[in-house]
Number of protein chains: 2
Amino acid sequence: VTSGQGPLLLMTPGPTRVPDRVLAAGALPMIHHRTDEFSREVGSVVSGLGPLFGTASPVLPVHATGRGGTEAAIANLFSAGDEIAACCNGKFGAMWAAHAEAYGLTVHRMATDWSQDIDADELDRLLTRHPAVRAVTVTCTDTSTGVCNDVAAVARIGRAHGALVMVDGVSAVGGTPFAFDEWGVDVAVTASQKCLMSAPGLAFVALSERAWAAHERSRLPRRYWDFSEIRRSVTAARPNTPGTPPVTVMRQVAEAIRMINDEGLDVVWARHEAMAQAVRRATARLGLSLQATGLRRFAPTVTAIAAPPGISPETIRDGLKARGILVAGGLGTFEATCFRVGHMGDIRMVDVDATMTALADILGGLGTGRPASAEPAAR
Amino acid sequence: VTSGQGPLLLMTPGPTRVPDRVLAAGALPMIHHRTDEFSREVGSVVSGLGPLFGTASPVLPVHATGRGGTEAAIANLFSAGDEIAACCNGKFGAMWAAHAEAYGLTVHRMATDWSQDIDADELDRLLTRHPAVRAVTVTCTDTSTGVCNDVAAVARIGRAHGALVMVDGVSAVGGTPFAFDEWGVDVAVTASQKCLMSAPGLAFVALSERAWAAHERSRLPRRYWDFSEIRRSVTAARPNTPGTPPVTVMRQVAEAIRMINDEGLDVVWARHEAMAQAVRRATARLGLSLQATGLRRFAPTVTAIAAPPGISPETIRDGLKARGILVAGGLGTFEATCFRVGHMGDIRMVDVDATMTALADILGGLGTGRPASAEPAAR
């Protein structure tokens, strides 16, 4: 399904466009996973992801998508009956809670208003009321709302109460400044198909020493994604993986990290922030509103925009698709009311401009919002 | 690491060579997973795998490698304390047992001699002694030994005792005649990187109605790979997946199934059997022995060959590598004594001939075995 203009421009919050260099890495003849060549790629991914997470610890690959990475974190750190507090201001915030309950944990949900950032004081009060809570879960940038939660503040409160701090960084790491060690985060998860510009199929998990101590005590069953076994493999003199890994995705991520380093991580982060600001400026200029009306901190990687009164988000998505651009529909609470523009990974300002100009054109045609100007809408 | 002659010929029991058509499918511009285009691919994979498994039921994709697929089968069908019987005549046979114990099941191991096929009478006696056993696990073709266990016979005994029959078909399905429905198998697992000629990263599971009934009773924790959720998604009017799937591998497998159908499934099976016979004939002609000396039924997809006395398997593997051919080392019990030649998926008789001729050349140079003839060794 294309617009007759070639493949759709993926202005989606993942999978995102895979750049030619990364597609080419995935199209190389297959190699066996027990070779020096593949071992070097594993080593380069494990060490190369450190700066993106902001950690000096090795980052573990999990042979699953991001959702599997977060479930693996629960299965590796807890035992049935353990208590956690889950910051639920978005679909992926709430997913931590559902994972934990599936594994028999007791979950205290907070911040269930998807329109707001996490309130650190509310978390402080909850952890005071529930001193047995062993971990706080939070999403850094939740693609369902466009929030960028203040992970540093959440971590400060969590640590003060002796709780582990577990962060879904799936749509954040690589596109958003992330300081795992400095903020005192204990677990952070990301995935290959967002800011890492690769196909889906690999997750990555960073773990603190406190997280490893919890892992030692954990009694939940797991084998495929057991963190000890993964650590043993990837930190071996000849880095490898437990069993056969998604070889192609690993090679793609290795190439994507080289691209990020070629551009410069600071430059990449600044590019994401500039794109996000441009999208929000254009949104305001077009007379549209953000879906989550109470946000204080915005994701550099994705923006959830409310459809104007009387217009279905599907109408806007169809209009964009007819112009060769794919944006995502709403999720959960916001399913019927918004569309979501991803601006992460290989996406550039020229793509943002094209998207917001097309949006202006569609709104003009619908007699809604302000008319499209001749200038790019995003600038 | 190549031989200076381009990429190594992958005569390995997975990952196997990915043919150009399948590489190209994986190198297409990324598409979003919530599109009609991707939905059609999911539908074609789910229905297209039926004939390969020999089942009329939909085959479920699991977003993991084959090892994850087998662990998912345990997590989806049992509760802690359930008893199973595990046929352990190879590394992957034993893996079922280890998965089950990690999830708190009680495992009765049998057939731990890697040199032999499963003895159906031994299974019958074990199931008579342990009437509470709820399932029998077995590997169809175990790449560690080159056996092709008689799954039909195992299934007959298992069913007679009211036990589920769970088969690791990872290196079998697509390359070996497999008759899930006819044999009365309850669970069979395969993976993308073997006979399906694609990158690793996707597993596939077929399930009988009895397996679904066990799933309903199961209390083990799982969410990422919960079979109910996967079935709901892939059998929807517009087939999809729970969460983001490994999009690229799914497209590769769809293309690989089209290739198998172009060749004809019976022709593909016959090609595998012919290659296996050619490898065994050449092995005998070179004065070499199979590693598993007591086998009655041989895998069409892989052959484990004992290194000759006084020669390390590594010497042979290095010699083949210098000639541009990669074969695998031994595993587990047979780690130090054999090398393993894969002949599955996109591998053709010309590749088998090249491999066995190179092997003859190496043995001649070592003054071991019989000298290489001018004719291809495999014919």
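Right above here is the structure, for reference.
A brief structural summary. Just so it is clear, the structure is predicted and the values come from calculations on it, not from any experiment.

### Comments concerning the overall build of chain A
Moving on, step 1. A tally of regular secondary structure across chain A gives 14 helices and 14 strands.
Moving on, step 2. Taken over C-alpha atoms, the radius of gyration comes to 21 Å for chain A, in line with the 21 Å a tight globule of 379 residues would show.
Moving on, step 3. Taking the principal axes of its C-alpha atoms as reference, chain A extends roughly 60 × 55 × 30 Å.
Moving on, step 4. Burial statistics for chain A: of 379 residues in total, 65% are counted as buried.
Moving on, step 5. For chain A, contacts bridging at least 24 residues in sequence account for 74% of all contacts bridging at least 6.

### Thoughts on the relation of the copies chain B and chain A
Moving on, step 1. Between chain B and chain A, the superposition needs a rotation of 180° and an axial shift of 0.0 Å, giving an RMSD of 0.0 Å. The transformation relating the two chain copies, once decomposed into turn and shift, fits a two-fold axis.
Moving on, step 2. A shared binding surface is used by both copies, with 100% of the interface residues of chain B retained as interface residues in chain A.

### As for the environment of A188 of chain A
All names here are of chain A.
Moving on, step 1. You can see A188 is positioned in strand β9 (residues 187-191).
Moving on, step 2. Separated by 51 residues in the primary sequence, A188 and T137 place their C-alpha atoms 9.9 Å from one another.
Moving on, step 3. Contacts of A188, omitting those with residues within four sequence positions, involve F53, V167, F178, F180, F204, V205 and A206.

### Observations regarding the pattern of salt bridges
All names here are of chain B.
Moving on, step 1. Taken as a whole, this structure holds 36 salt bridges over all chains when the rule is applied.
Moving on, step 2. Of the charged contacts in the structure, one is a salt bridge between R238 and D36, with a shortest N-O distance of 2.8 Å. One end of the pair, R238, is in the loop between α10 (227-234) and α11 (247-263); the other, D36, is in helix α2 (residues 36-48), and 202 residues separate them in sequence.

### Remarks on the nonpolar core
Moving on, step 1. Ranked by internal contacts, the top residues of the largest apolar core, which has 194 residues, are L77, W225 and F227 of chain A together with L77, W225 and F227 of chain B.
Moving on, step 2. Among residues more than four places away in sequence, those in contact with W225 of chain B are Y224 and W225 of chain A together with V62, A64, G68, E71, A72, A75, N76, Y103 and I230 of chain B.

### Let's talk about the sheet that holds strand β2 (residues 60-62) of chain B
Residue and element names in this part refer to chain B.
Moving on, step 1. Across the sheet, which stays open at both edges, the 7 strands sit in the order β2-β10-β9-β8-β5-β3-β4 with mixed pairing between neighbours. Each edge of the open sheet carries a strand with a single partner, namely β2 and β4 (106-110). Strand-to-strand twist in this sheet, taken as the mean axis angle between neighbours without regard to direction, amounts to 20°.
Moving on, step 2. Alignment of strand β9 (residues 187-191) against strand β10 (residues 203-207), held across 5 bridges, turns out to be antiparallel. The partner of V189 across the bridge, within β10, is V205.
Moving on, step 3. Each of β2, β8 (164-168), β9 and β10 is contacted by helix α4 (residues 66-77), which is oriented at about 155° to β9, the strand it contacts most.
Moving on, step 4. Against the sheet, α10 engages β2 and β10, with an angle of about 120° to β2.

### Here we look at helix α5 (residues 91-102) of chain A
Think of an α-helix as turning once every 3.6 residues; residues three or four places apart then point the same way.
Moving on, step 1. Taking 1.5 Å per residue, 12 residues should reach 16 Å; α5 of chain A reaches 16 Å between its end C-alpha atoms and fits that length.
Moving on, step 2. Along α5 of chain A, the residues classified as buried are G93, M95, W96, A97, H99 and A100 of chain A.

### Focus on the interface of chain B and chain A
Moving on, step 1. In this assembly, 49 residues from chain B lie in contact with 49 residues from chain A.
Moving on, step 2. Here chain B meets chain A over a buried area of about 4000 Å², counting both sides, of which 65% is carbon and sulfur.
Moving on, step 3. Per-residue buried area on chain B facing chain A is highest for M30, R223 and Y224 of chain B; these three make up 19% of the total on that side.
Moving on, step 4. Scanning the region where chain B abuts chain A turns up 0 salt bridges.

### Focus on the side chain of D351 of chain A
Moving on, step 1. Among the secondary structure elements, D351 of chain A is positioned in helix α14 (residues 349-365).
Moving on, step 2. Not counting residues up to four positions away in its chain, the partners in contact with D351 of chain A are L9, M11, R17 and D346 of chain A.

### Here we look at the state of the cysteines
All names here are of chain B.
Moving on, step 1. In total, this model carries 0 disulfides over all chains according to the counting rule given.
Moving on, step 2. In this structure C87 is not part of a disulfide, and its nearest cysteine sulfur, from C88, lies 7.4 Å away.
Moving on, step 3. The class for C87 is buried, based on a relative accessible area of 0%.

### Structural notes on the packing of aromatic side chains
The description of an aromatic ring pair uses the distance of the two centres, along with the angle that the planes make with each other.
Moving on, step 1. The full count for this structure, using the stated rule, is 9 aromatic pairs over all chains.
Moving on, step 2. Ring plane angle 55° and centroid distance 6.3 Å describe the contact between Y224 of chain A and W225 of chain A, whose orientation is recorded as tilted.
Moving on, step 3. For W225 of chain A, a relative accessible area of 1% corresponds to the buried category.
Moving on, step 4. With 4.8 Å between their ring centres and 0° between their planes, W225 of chain A and W225 of chain B make a pair best called stacked. Of this pair, W225 of chain A sits in the loop between α9 (209-217) and α10 (227-234) while W225 of chain B is found in the loop between α9 (209-217) and α10, placing the two residues in two different chains. As far as burial versus exposure is concerned, W225 of chain A and W225 of chain B are alike and both buried.
Moving on, step 5. Pairwise contacts between aromatic rings join Y224 and W225 of chain A together with Y224 and W225 of chain B into one cluster.
Moving on, step 6. One residue, R231 of chain A, lies across the ring of W212 of chain A, its end atom 3.5 Å from the ring centre.

Calculation rules
- Residue positions are given per chain, counted from 1 along the sequence in the order it is written.
- Labels follow written order: the first chain is A, the first ligand is 1, and so on.
- It should be noted that, the model being predicted, local features are given only for residues of pLDDT at least 70 and side-chain atom pairs only at 80 or more, the latter also being counted only at that level, while totals for whole chains, interfaces and linings use all residues.
- With hydrogens and water stripped out, all remaining heavy atoms of the structure feed into the side-chain values.
- Where helices and strands are cited, they refer to DSSP runs of H or I of at least four residues and of E of at least two residues respectively, numbered from the N terminus.
- Radius of gyration here is computed from C-alpha atoms only, and the compact-globule reference equals 2.2 Å multiplied by the residue count raised to the power 0.38.
- Think of it in three bands: residues with accessible area under 20% of the maximum for their type are buried, residues over 50% are exposed, and the middle band is partly exposed, with areas taken using a 1.4 Å probe on protein chains only.
- The contact definition used throughout considers only heavy atoms, calling two residues in contact when any of these lie within 4.5 Å.
- The fit set for superposing copies consists of C-alpha atoms from residues with pLDDT of at least 70 in both; the fit itself is least squares.
- Salt bridges are identified by distance alone: a Lys or Arg side-chain nitrogen within 4 Å of an Asp or Glu carboxyl oxygen.
- We define a nonpolar core as any set of buried Ala, Val, Leu, Ile, Met, Phe, Trp, Tyr and Cys residues linked to one another through side-chain atoms lying within 4.5 Å.
- Any two strands are treated as partners once DSSP identifies two or more bridges connecting them.
- To get an axis, fit a line to the C-alpha atoms, keeping to the stretch in contact for a helix; angles then go from 0 to 180 degrees between the N-to-C directions.
- By definition here, a helix of n residues has an expected span of 1.5 Å times n minus one.
- A simple way to read buried area is as the amount of 1.4 Å-probe accessible surface that goes missing from two parts once joined, with both sides added.
- Only a pair of cysteine sulfur atoms within 2.5 Å qualifies as a disulfide here.
- Note on aromatic contacts: the rings of Phe and Tyr and the six-membered ring of Trp form a pair at centre separations within 6.5 Å, being stacked when their planes are under 30 degrees apart, edge-to-face when over 60 apart, and tilted otherwise.
- Should the NZ of a Lys or the CZ of an Arg lie within 6 Å of a ring centre and within 35 degrees of the ring normal, that charge is described as sitting over the ring.

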